[in-house]
Amino acid sequence: MSTWQDLLHELDEWKRRGRTATFWWRDDDAITATPALDRLLALRRHHDVPVGLAVIPARADTTLPDRLAAEPDVVILQHGWAHANYAPVGMPKAEFGPDRSVPFMLGELARGRLIIGRLFGPKAIEVLVPPHNRIAPDLAAALPQAGYSGLSTYGPRKRPIAGLALINTHVDIMNWTTRSFAGEQICLTLMLNHLQARRRGDVDAAEPTGLLSHHLAHDEVAWRFLDALLAALRAHAAVRFVGAAEAFGSA
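All right, on to the overall build of the protein chain then. The number of helices and strands found in the protein chain is 8 helices and 11 strands. For a compact globule of 251 residues, the expected C-alpha radius of gyration is about 18 Å, and the protein chain comes in at 18 Å, within 12% of that figure. Dimensions of the protein chain, computed from the C-alpha atoms along their principal axes, are close to 50 × 40 × 40 Å. Surface exposure of the protein chain reaches about 11100 Å², of which carbon and sulfur atoms provide 54%. Across the protein chain, the mean location of the 27 positive side-chain charges is 3 Å away from that of the 27 negative side-chain charges.

Pasting the structure below:
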């Protein structure tokens, strides 16, 4: 398991080689204005780090765009349709998995895309974040024709999809079995592993290392870790945070 010192040593190595370690931050499951969202936005402002906020269209209300209207460096991503689970019993959760027809799923996404556009206007970009970070390959391939320019799931990106920018996350700070903080050492290890793999060329080095948070699910330990991690990264000369619009080519 990794320590803070291990992470700093890795970033020092990036600096020594004259390279910049790019990062981006995605927060999922936004639906309404809450104290937890206020806390997330306060962290964003304190550390001056842009965030991509994945909003669930079917559940979003008007308090959310009202709350975000004056917030800079917050970009809206579409978080599926209703964050439902249609996977068969015993299979990994998925709202847009291989068990439903592609035309039907595209219809749901189109409804969600209209809602996101109406609520957030130019603050939103045409990027899909499928709930549970899973999407059927046939549906992913059809996204460009449906008007999407980007897709974000979890783990190092692999084969490209024509017409679609793939920018994933790699460090989920939550343990979804316990619905609590995943643990400092686990999160640092995930981050260190992706940075080392990028530096060695084992994964796509151009993909920013993605931090994934879920403001509505955080316990106090998760909040404290997120604060400490953002502070440590922002303080290092080798680190640059990339906004979602820039990452997906919409800047």
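Compared with an ideal rise of 1.5 Å per residue, which puts 13 residues at 18 Å, helix α2 (residues 35-47) spans 18 Å between its outermost C-alpha atoms and is within 8% of the ideal. Residues of α2 that are buried: Leu37, Leu40, Leu41, Leu43, Arg44 and His47. The arc that holds the buried residues of α2, viewed along the axis, is 155 degrees, so those residues lie on one side. Away from its buried face, by an angle of more than 90 degrees, α2 presents the exposed residues Pro35 and His46.

We now examine helix α4 (residues 102-120). In this model α4 runs 26 Å from its N-terminal to its C-terminal C-alpha over 19 residues, within 8% of the 27 Å that 1.5 Å per residue would give. Looking at α4, one finds that the buried residues are Met105, Glu108, Leu109, Gly112, Ile115, Ile116, Leu119 and Phe120. Take α4 and look down its axis: the buried residues cluster within an arc of 120 degrees, on one side only. Across from the buried face of α4, at angles greater than 90 degrees, the exposed residues are Pro103, Leu114 and Arg118. In this structure, the buried side of α4 is in contact with β2 (51-55), α3 (63-68), β3 (74-78), β4 (124-128) and α5 (137-142).

Turning next to the environment of Ala124. Its place among the elements puts Ala124 in strand β4. In sequence terms Ala124 and Val55 are 69 residues apart; their C-alpha atoms lie 9.8 Å from each other. Here Ala124 is in contact with Ile76 and Ile116, once residues within four sequence places are set aside.

What follows is about the pairing of strand β1 (residues 21-30). The buried count for β1 comes to 10 of 10 residues, which makes it a mostly enclosed element. When β1 meets strand β10 (residues 209-213), the two strands line up parallel, connected through 5 bridges. Within β10, the position partnered with Phe23 by the bridge is Thr209. Pairing of β1 with β2 involves 3 bridges; the strand directions are parallel. Bridging from a neighbouring strand, Ala30 pairs with Val55 of β2.

All right, on to the side chain of Asp172 then. As for its position among the elements, Asp172 is in strand β7 (residues 171-172). Look at Asp172: it is buried, it has no salt bridge, and the nearest opposite charge is Arg26 at 7.4 Å. Leave out the neighbours within four places in its chain, and Asp172 touches Tyr154, Ala182, Cys187, Leu190, Leu212 and His214.

The next subject is the packing of helix α6 (residues 184-200) against helix α7 (residues 220-234). The interhelical angle for the contact between α6 and α7, taken along N-to-C directions, is 35 degrees, at an axis separation of 11 Å. Two packed elements cross with a definite hand, and for α6 against α7 that hand is right-handed. Contacts from Glu184, Cys187, Leu188 and Met191 of α6 reach α7 at Phe225, Leu229 and Leu233. Each residue belonging to the contact of α6 with α7 can be placed in one class, and the counts come to 6 nonpolar, no polar and 1 charged.

Right, let's get into the packing of aromatic side chains. A complete count under the given rule lists 4 aromatic pairs for this structure. Between Trp24 and Phe248, the aromatic rings sit 5.7 Å apart at their centres with planes inclined by 80 degrees, giving edge-to-face as the arrangement. With Trp24 in strand β1 and Phe248 in the segment after α8 (244-247), the pair connects residues that are 224 residues apart, well separated along the chain. On the basis of relative accessible area, Trp24 is assigned to the buried category, the value being 0%. Every member of this aromatic cluster is reached through a ring pair, and the members are Trp4, Phe181 and Phe225.

Quick notes on the rules
Residues numbered from 1 in each chain as written. Predicted model: local features only at pLDDT ≥ 70, side-chain atom pairs only at ≥ 80, totals over all residues. Heavy atoms only, no water. Helix = DSSP H or I, 4+ residues; strand = E, 2+ residues; numbered from the N terminus. Rg over C-alpha atoms; globule rule 2.2 N^0.38 Å. Areas by Shrake-Rupley, 256 points an atom, 1.4 Å probe, with all protein chains shown as cover. Lys, Arg positive; Asp, Glu negative; His and termini not counted. Charge placed at Lys NZ, Arg CZ, Asp CG, Glu CD. Expected span 1.5 Å × (residues − 1). Buried < 20%, exposed > 50% of the residue type's maximum accessible area, 1.4 Å probe, protein only. Arc of directions from axis to C-beta. Contact = heavy atoms within 4.5 Å. Pairing = 2+ DSSP bridges. Salt bridge = Lys/Arg side-chain N within 4 Å of Asp/Glu carboxyl O. Axes fitted to C-alpha atoms, helices over the stretch in contact; angles between N-to-C directions. Left-handed = near helix turned anticlockwise from the far one by under 90°. Nonpolar A, V, L, I, M, F, W, Y, C, P; charged D, E, K, R; others polar. Phe/Tyr/Trp six-rings, centres within 6.5 Å; stacked < 30°, edge-to-face > 60°.

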